[in-house]
Amino acid sequence: MKLQCSKTLLYEAVVKVSKAVSDRSALPSLQGIKFKLENNILELTGYDLEIGIKTSIAALSADSGEFILDAKLFAEMIRKMPEDDVYIEVSDNLLPVKENCDELEFSQPILKSMINQTIFAVAVTDMKPILKGELFDIENGMLTLVAIDGYRLAVRQEPIKYNENIKFVVPAKTLSEVASLLNDNEEDTCKMFIASKHIIFEINGYYVYSRLLEGEFHPYKSAIPNSYTTEVVVDRKKLIETLERSLLLINEKIPGPVRCYFENDIIKVKCSTAMGKISDEIKADITGPVIEIGFKCKYFIDPLKAISDDKVKLQMSGSLLPMKIVPCDGENYTFLVLPVRLSKS
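Here goes a summary of the coordinates provided. Here the structure is a predicted model, which means the values were calculated and not measured. (Residues numbered from 1 in each chain as written. Predicted model: local features only at pLDDT ≥ 70, side-chain atom pairs only at ≥ 80, totals over all residues. Heavy atoms only, no water.)

**What about the pattern of salt bridges?**
- All chains considered together, the criterion is met by 16 salt bridges.
- The partner of Lys191 in a salt bridge is Glu103, with the nearest N and O atoms 3.9 Å apart. Of this pair, Lys191 sits in strand β12 (residues 189–194) while Glu103 sits in strand β7 (residues 102–107), and the two are 88 residues apart along the sequence.
- Note that Lys112 and Asp184 form a salt bridge whose closest N and O atoms lie 3.5 Å from each other. Taken together, the residues Lys112 in helix α3 (residues 108–116) and Asp184 in the loop between α4 (172–181) and β12 connect sequence positions 72 residues apart.
- Its relative accessible area of 57% is what places Asp184 among the exposed residues.
- The structure contains a network of salt bridges with shared partners spanning Asp149, Arg152, Lys298 and Asp302. (Salt bridge = Lys/Arg side-chain N within 4 Å of Asp/Glu carboxyl O. Helix = DSSP H or I, 4+ residues; strand = E, 2+ residues; numbered from the N terminus. Buried < 20%, exposed > 50% of the residue type's maximum accessible area, 1.4 Å probe, protein only.)

Next up, the structure:
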């Protein structure tokens with residue numbers, strides 16, 4: 001089998017498809033890229049039994065056939081080729097398919113935003129494997145993405161043109177790669193093909209294949225408080241800057257909470273560790289009883305960084321109950337952050 005194609009297009013396709021190739025596997029084929037040549041089209045597929053990425057490029061050939069090559073070695077070989085075109089000669093596991101799937105179509109920039117604003121809250125441990133993915137909950141024309149790791153909850157929702165109610169959980173690794181392929185053009189869409197055990201994303205000529213996680217996802221709706229006693233409206237960027245100054249005194253070896261005191265339109269933020277002490281203040285609009293509450297600093301910062309609003313609302317009902325972060329207008333996102341118990345000192 002012989003073929004000729006653009007070095008630039010081939011290298012770009014190999015690099016992107018390689019993201020779904022297994023680094024280590026008992027099956028050598030999973031460490032390679034599958035190539036399929038037919039009708040002057042070269043199709044490239046990477047698949048590690050959890051995530052798959054497929055694309056195709058133009059190739060000049062009178063032949064057809066399939067072969068698998070080591071992803072890392074082949075990428076380096078192509079990168080070091082000197083000419084614009086490359087010539088390949090090959091001497092003479094099956095992926096999921098789109099048939100019989102539920103098909104959805106959704107705006108690329110909106111889906112990218114939804115993933116980026118929730119994926120930070122996905123669990124990283126294997127204590128409950130299904131929480132290593134995000135829940136896609138489609139109900140009454142609304143798509144809701146949910147991530148939870150036991151310490152915080154991220155919920156993001158947008159309207160979708162789909163009349164059925166459906167739920168499925170996609171691994172975070174898959175969504176990370178999907179987000180990297182999505183663009184910011186409002187006219188571009190992403191197609192999703194959902195079966196009982198797998199999902200296929202079709203994005204700009206690339207196909208991302210993934211198994212769906214099985215199990216019962218956390219009942220997130222019942223975890224979100226419906227009421228609060230104290231509400232704070234604060235400048236998001238200034239709050240991040242204040243918390244980041246406290247974060248300078250905290251690391252894995254030297255943990256410590258940040259103490260937040262809400263009273264008289266002032267947020268007082270304090271942190272004390274073996275590295276030092278800091279006391280900071282920021283203005284805010286505060287209604288309701290005075291509250292002193294503590295958080296792991298990173299868990300407080302992450303949702304604030306995931307959104308772009310100038311101001312946000314913080315809603316609380318006590319020092320030991322979750323803090324709710326919501327937009328000042330609308331309700332397209334909700335974040336919960338669990339507090340930590342503070343010492344009396």
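**Here's the deal with the environment of Ala195**
- For Ala195, the position within the fold is in the loop between β12 and β13 (198–203).
- Placed 17 residues apart in sequence, Ala195 and Leu212 show a C-alpha to C-alpha distance of 8.8 Å.
- Apart from residues lying up to four places away in sequence, Ala195 is in contact with Cys101 and Leu212. (Contact = heavy atoms within 4.5 Å.)

**Remarks on the packing of helix α6 (residues 236–247) against helix α7 (residues 297–306)**
- Running from N to C, α6 and α7 point in directions that differ by 150 degrees, and their axes come no closer than 10 Å. It follows that α6 is roughly antiparallel to α7 by the angle criterion. Both α6 and α7 take part in a crossing whose hand is left-handed. Taken together, the residues of α7 that come into contact with α6 (itself represented by Arg236, Leu239, Ile240, Leu243, Glu244, Ser246 and Leu247) are Cys297, Lys298, Phe300, Ile301, Leu304 and Lys305.
- Within the contact of α6 with α7, the residues separate by chemical class into eight nonpolar, one polar and four charged. (Axes fitted to C-alpha atoms, helices over the stretch in contact; angles between N-to-C directions. Parallel < 35°, antiparallel > 145°, perpendicular 65-115°, else oblique. Left-handed = near helix turned anticlockwise from the far one by under 90°. Nonpolar A, V, L, I, M, F, W, Y, C, P; charged D, E, K, R; others polar.)

**Regarding the pairing of strand β18 (residues 276–283)**
- With eight bridges joining them, strand β17 (residues 266–273) and β18 adopt antiparallel strand pairing. Each bridged residue has a counterpart across the sheet, and for Val269 the counterpart in β18 is Asp280.
- Adjacent in sequence and paired antiparallel, β17 and β18 are bridged by two residues. (Pairing = 2+ DSSP bridges.)

**What to know about the nonpolar core**
- The biggest cluster of nonpolar side chains holds 54 residues, and the ones touching the most others in it are Leu10, Leu42, Leu44, Phe136, Met192 and Phe201.
- If near-sequence neighbours (up to four positions away) are discounted, Leu10 is found in contact with Cys5, Phe35, Leu42, Leu44, Ile57, Phe74, Ile78, Val86 and Ile88. (Core = buried A, V, L, I, M, F, W, Y, C linked by side-chain atoms within 4.5 Å.)

**Some words on the packing of helix α1 (residues 7–17) against helix α2 (residues 71–79)**
- Remark: α1 packs on α2, axes separated minimally by 10 Å, with the N-to-C direction vectors making an angle of 155 degrees. Classed by the angle they form, the pair α1 and α2 counts as roughly antiparallel. Our pair here, α1 against α2, has a crossing hand that is left-handed. When α1 is examined against α2, the residues Lys7, Leu10, Tyr11 and Val14 are found in contact with a partner set consisting of Ala71, Phe74, Ala75, Ile78 and Arg79.
- Classifying every residue of the contact of α1 with α2 by side-chain character gives seven nonpolar, no polar and two charged.

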